[in-house]
Amino acid sequence: HPDFIAPKSRRNEVVSFVKGGLKDLSISRTTFDWGVPVPGDDDHVMYVWLDALTNYMSALGYPNKEEGSNFDKFWPASLHVVGKDILRFHAVYWPAFLLAAGLPLPKRIFAHGWWTKDGEKISKS
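This one's a predicted model, so the numbers in the text were calculated from it and none came from an experiment.

Attention now goes to helix H2 (residues 48–59). Relative to the 16 Å expected for twelve residues at 1.5 Å per residue, H2 spans 16 Å between its end C-alpha atoms, a close match to the ideal helical length. Buried within H2 are the following residues: Trp49, Leu50, Leu53 and Met57. Along H2, the residues classed as buried sweep out an arc of 100 degrees about the axis, all on the same side. Looking at the buried side of H2, the elements it contacts are strand E4 (41–46), helix H3 (70–74) and helix H4 (87–100). Residue Gly61 follows H2 closely and has a positive phi angle near 95 degrees.

It is worth spelling out the sheet that holds strand E1 (residues 5–6) at this point. Strand pairing within a sheet occurs via backbone hydrogen bonds; the two strands may be parallel or antiparallel. Spatially, the three strands line up as an open sheet ordered E1-E6-E5, and their pairing is parallel. Every interior strand has two partners, whereas the edge strands, E1 and strand E5 (80–83), have only one. As defined by bridge partners, E5 adjoins strand E6 (residues 109–112) across four bridges and the pair is classed as parallel. The partner of Val82 across the bridge, within E6, is Ala111. The sheet strands contacting H4 are E1, E5 and E6, and the helix crosses E5 at an angle near 135 degrees.

This brings us to helix H1 (residues 8–19). Look at H1: 16 Å from first C-alpha to last across twelve residues, which is about the 16 Å you get at 1.5 Å a residue. The set of residues buried in H1 consists of Arg10, Arg11 and Val14. Projected onto a plane normal to the axis of H1, the buried residues spread over an arc of 105 degrees and lie on a single side. In H1, the exposed positions angled more than 90 degrees off the buried face are occupied by Lys8 and Lys19. In this structure, the buried residues of H1 make contact with E1, H4 and E6.

Taken together, the three strands give an open sheet; going across it, the order is E2-E4-E3, and neighbouring strands pair in antiparallel fashion. The open sheet has two free edges, formed respectively by strand E2 (28–29) and strand E3 (37–38), since each of these has just one partner strand. As defined by bridge partners, E2 adjoins E4 across two bridges and the pair is classed as antiparallel. Across the sheet, the residue bridging to Arg29 is Val45, located in E4.

Each value, and the rule that gives it
- Residues numbered from 1 in each chain as written.
- Predicted model: local features only at pLDDT ≥ 70, side-chain atom pairs only at ≥ 80, totals over all residues.
- Heavy atoms only, no water.
- Helix = DSSP H or I, 4+ residues; strand = E, 2+ residues; numbered from the N terminus.
- Expected span 1.5 Å × (residues − 1).
- Buried < 20%, exposed > 50% of the residue type's maximum accessible area, 1.4 Å probe, protein only.
- Arc of directions from axis to C-beta.
- Contact = heavy atoms within 4.5 Å.
- Pairing = 2+ DSSP bridges.
- Axes fitted to C-alpha atoms, helices over the stretch in contact; angles between N-to-C directions.

See the structure below:
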């Protein structure tokens, strides 16, 4: 829906990316060796964005989705706040992963600009 991504300028970026056509996205990588190994295949590591999503979910106790569980109480987020440089991963890839798993999406995503201190961009880490 049109209010899923805010502000409008960021939504327009995502819509433009999607209109450009989507291709299959592999959930593992062979071009580097840092990351979570894929069980049974020493040449592959998990795609970092899938690994990050599963970390957020497991921190809430997933796969326990019983009524009253942390996952039940806190998933999905009412508002998912992300930096503008990682919007594509949170507004395109994560929803695809969640939909494939039959899990609900965040209700809304807000992408903020750079956070700065003394005119310098603050690192995400």
